[in-house]
Amino acid sequence: MPSPANCRFTDSHEWFRVEGEDVVAGITQFAANELTDVTFVQMKSVGTVVTAGGSLGEVESVKTTSDVYSAVGGTVVAVNDLVTKEPLS
């Protein structure tokens, strides 16, 4: 699956896009491919305040564990529960 359209990208391979007053974020397809088999995803919970450059969570694979960084500061308002329950989907 390719990274979503209409996004901006970070040097650490996260994507983000503005949707109204919210910013939606994720990792790029390149990052997912480099991680190979993702076995665990843990994101910050709703209500957590994050800073630009701070961690939004982490992705664990058979190769390594990597932080997912926020491109902007703000408060987490939603988390994709499917990716935390079924990281290989």
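These numbers come from a predicted model, not from an experiment.

### Notes on the pairing of strand β6 (residues 55–61)
- Here strand β4 (residues 38–43) pairs with β6 via five bridges, running antiparallel. Opposite Q42, over in β6, you have E58 as the bridge partner.
- Here β6 pairs with strand β7 (residues 65–69) via five bridges, running antiparallel. Looking at the pairing, E58 lines up with D67 of β7.
- Hairpin connection between β6 and β7: a loop of three residues separates the two successive antiparallel strands.

### Considering the sheet that holds β6
- As summarised here, the arrangement of the three strands in space is β4-β6-β7, forming an open sheet in which the pairing is antiparallel. Edge positions in the open sheet fall to β4 and β7, since each of these has one partner strand only. Across the sheet, the mean angle from the axis of one strand to that of its neighbour is 20°, orientation sign disregarded.

### Section: the environment of T84
- Residue position: T84 is located in helix α2 (residues 81–85).
- Between the C-alpha atoms of T84 and A52, which are 32 residues apart in sequence, the distance is 22 Å.
- Beyond its immediate stretch of four places on either side in the chain, T84 contacts V41, M43 and V79.
- In terms of polar contacts, T84 uses its side chain to reach the backbone carbonyl oxygen of D81, at 2.8 Å.

Thresholds applied
- Residue positions within a chain follow its written sequence, with the count starting from 1.
- Whole-chain, interface and lining totals are the exception, using all residues; otherwise, since this is a predicted model, local features are given only for residues with pLDDT of at least 70 and side-chain atom pairs are given and counted only at 80 or more.
- Remark: hydrogens and water are excluded; side-chain values derive from all non-hydrogen atoms of the structure.
- For two strands to be treated as a pair, DSSP must find at least two bridges joining them.
- We count a stretch as a helix when DSSP gives it H or I for four or more residues in a row; a strand needs E for two or more, and each element gets its number in order from the N terminus.
- A fitted line through C-alpha atoms serves as each axis, taken over the contacting stretch for helices, and the angle formed by two N-to-C directions is quoted from 0 to 180°.
- By definition, residues are in contact when any of their heavy atoms lie within 4.5 Å.
- Here a polar contact is recorded for every N or O atom pair within 3.5 Å, except that within protein the pair must consist of a potential hydrogen donor and a potential acceptor, and residues adjacent in sequence are included only if both atoms are side-chain atoms.

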